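As a plain string of letters, each chain reads:
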Amino acid sequence: MKTLARFADFYQTINATSSRLAKEAILADYRDDDAIKEILQFLFNPFVVTGISAKKLTKSVAPAGQTCDSLHALLVYFQTHNTGRDEDIAVLKDFANPLPPEQQALVYGLIKKDITLGANEKTLNKVFGAGFIPVFNVMLAEKYGENRDYVAGKEFIVTEKFDGVRCMLIFNDAGMPTFFSRAGKSFDDMVELSSEVQQLDHDLVYDGELLLGTDQEIDSADLYRMTVKVTAKDGEKRGLIYNVFDVLPRQDLLAGYSPIPCRERKANLSKQLSKLSLPHIKNVPILYLGAEVSKIDTICDEYTKMGREGVMVNLADAPYECKRTKNLLKVKRFNAADVRVLAWEEGAGANQGKLGAVTVEFLAPDGEKYQCKVGSGFAKEEREYFFANPSAIVGHIIEIGYFELSKNQNDAGYSLRFPTFKCLRDDKDEISMH
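From a predicted model like this one, the values you see are computed outputs, not experimental measurements.

(A) Fine view of the environment of E160. Secondary-structure assignment places E160 in strand 2 (residues 156–161). When the C-alpha positions of E160 and C262 are compared, they lie 15 Å apart, and in sequence the two are 102 residues distant. Non-local contacts of E160, meaning those with residues more than four positions away in its chain, are made with V284, L287, Y303, R308, G310, V311 and M312. A distance of 3.0 Å separates polar atoms of two side chains, one belonging to E160 and the other to R308.

(B) View of the sheet that holds strand 11 (residues 310–315). Spatially, the 5 strands line up as an open sheet ordered 1-13-11-2-10, and their pairing is mixed. Looking at which strands have only one partner, the edges of the open sheet turn out to be strand 1 (140–143) and strand 10 (286–290). Strand-to-strand twist in this sheet, taken as the mean axis angle between neighbours without regard to direction, amounts to 35 degrees. When strand 11 meets strand 13 (residues 324–332), the two strands line up antiparallel, connected through 5 bridges. Looking at the pairing, M312 lines up with K330 of strand 13. Packing against the sheet, helix 13 (residues 294–305) makes contact with strand 2, strand 10, strand 11 and strand 13, and its axis sits at approximately 150 degrees to strand 11.

(C) Structural detail: the nonpolar core. Among the nonpolar cores identified, the biggest contains 43 residues, and F10, L40, L74 and L92 are the most heavily contacted of them. For this core, the elements supplying multiple residues, two or more each, are helix 1 (2–14), helix 2 (20–28), helix 3 (34–44), helix 4 (71–80), helix 5 (86–96), helix 6 (101–112) and helix 7 (121–128). Ignoring anything within four residues of it in the chain, the contact list for L40 reads F10, L27, L117, L124, F128, F132 and I133. If you look at the next biggest cluster of nonpolar residues, it comprises 30 residues, including C167, L169, L269 and L273.

(D) Here's a closer look at the packing of aromatic side chains. One pass over the structure, following the stated rule, counts 17 aromatic pairs. Taking 4.3 Å as the distance between ring centres and 10 degrees as the angle between the ring planes, the aromatic pair formed by F378 and F421 counts as stacked. Of this pair, F378 sits in the loop between strand 16 (369–374) and helix 14 (380–388) while F421 is found in strand 20 (residues 420–424), placing the two residues 43 residues apart along the sequence. Summarising the burial analysis for this pair, F378 and F421 share the class buried. Ring plane angle 80 degrees and centroid distance 6.3 Å describe the contact between F386 and F421, whose orientation is recorded as edge-to-face. Note that F386 is positioned in helix 14 and F421 in strand 20, a separation of 35 residues in sequence. This pair shows no difference in class: F386 is buried, exactly as F421 is. These aromatic residues form a ring-pair network of at least three members: F7, F10, Y11 and Y30.

(E) Region of interest: the pairing of strand 17 (residues 397–402). Of all 6 residues in strand 17, 6 are buried, a share of seventy percent or more. Residues of strand 17 alternate between two faces, with I397, E399 and G401 on one and I398, I400 and Y402 on the opposite face, all of them buried. As defined by bridge partners, strand 17 adjoins strand 20 across 4 bridges and the pair is classed as antiparallel. Bridging across to strand 20, I398 finds its partner in L424.

(F) Representation of the sheet that holds strand 5 (residues 186–187) in the model. Read across the sheet, 6 strands follow the order 5-4-3-6-7-9 without closing on themselves; strand pairing throughout is mixed. Two strands bound the open sheet, and with one partner strand each, they are strand 5 and strand 9 (281–283). Bridge analysis of strand 6 (residues 204–212) against strand 7 (residues 240–249) gives 9 bridges, and the strand direction is antiparallel. Bridge pairing links L212 to L240 in strand 7. Contacting strand 3 (165–171), strand 5, strand 6 and strand 7, helix 10 (residues 220–232) crosses the sheet at an angle of about 115 degrees to strand 6. Helix-sheet contacts for helix 12 (residues 262–274) involve strand 6, strand 7 and strand 9, and the interaxial angle to strand 7 is about 130 degrees.

Rules used throughout
Residues numbered from 1 in each chain as written. Predicted model: local features only at pLDDT ≥ 70, side-chain atom pairs only at ≥ 80, totals over all residues. Heavy atoms only, no water. Helix = DSSP H or I, 4+ residues; strand = E, 2+ residues; numbered from the N terminus. Contact = heavy atoms within 4.5 Å. Polar contact = N/O pair within 3.5 Å; in protein donor to acceptor, adjacent residues only side chain to side chain. Pairing = 2+ DSSP bridges. Axes fitted to C-alpha atoms, helices over the stretch in contact; angles between N-to-C directions. Core = buried A, V, L, I, M, F, W, Y, C linked by side-chain atoms within 4.5 Å. Buried < 20%, exposed > 50% of the residue type's maximum accessible area, 1.4 Å probe, protein only. Phe/Tyr/Trp six-rings, centres within 6.5 Å; stacked < 30°, edge-to-face > 60°.

Put into structure tokens, the structure is as follows:
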């Protein structure tokens, strides 16, 4: 266990300072230490998922049928056994329980991937070289209203914009699927989907939106809340529909760019899914392919009247870029933003004894942060819960809808028109206008 002892020393040393430069110097001392570098790659690589959580470690399990005789062997094991089965919990406990308490805690923290060093992937890539830790990014859309001229004269594809939970499906080298949020966090225990996706091409990455399946006509905002509730819960996640709108080779995602034109990517996706009968995986159909710009507003208005969020516009010959890009545009009549809750206040009248409103912080075009109140959009149960448990919302990121962002007449600040609560976003930790 010499490697574990060395990592324990490293862990204590780097956490003893808050200085960024000092942390970089400490990391630099381990440039030639392959064992410590392997641990850091395991811990920070967003594509390495173990399926082990603090809750799962409370389970009582029988001794494992196999053992790991080194920390290296344990890390290798969990790179391919990532579904959180009882057998995997047993392998971890059999390895960790005989260790001294401090080392035991380190091992559990490594496999849960919740150890903090006060450094991030940017720092590690600066010290150990570009690409040491791959960066997880997905293709994000700009707003159509601000980029109408960019579409003119080009051929484009229109599809429905789903108000769901963004989800990227990636298979590891062993063919095990993992579902990632757009922030790179994994959705565990996706029971039905994990089974069905085994029929897909494991060398490809699938990009789409999760929505709770239902036969009822449900308002888009309510369906979104119901979906978030399922994806955020511990334990098995059932009843979700994976609406897939894009596909690209796995190596292209890791490189941050796929040169395959959008029209070709969508055609490949449609061809693959049309041959399969997968009840929980749906291809997002093309609503229009052409260069007639007026079609965009016409189709968006049509879908807005149906209670849908809007439409997406992909330039037909554009590549997949792992960043925000004008080659993908969102068209909707109501905007959305991720904002941080700073404070709360009690309501009045029918909302006395319940949450009335929250004060939030949002990001304006000038790069500065401004505040406004959000008092609408909360369900009765949410008002009661947050009033009794303010820490469940204060300090957290919430998603809001708003009609427009406007500049104040009396000062240099900004305001949001008609801000409305949509849901908690515990899968995010930064504010953004999207």
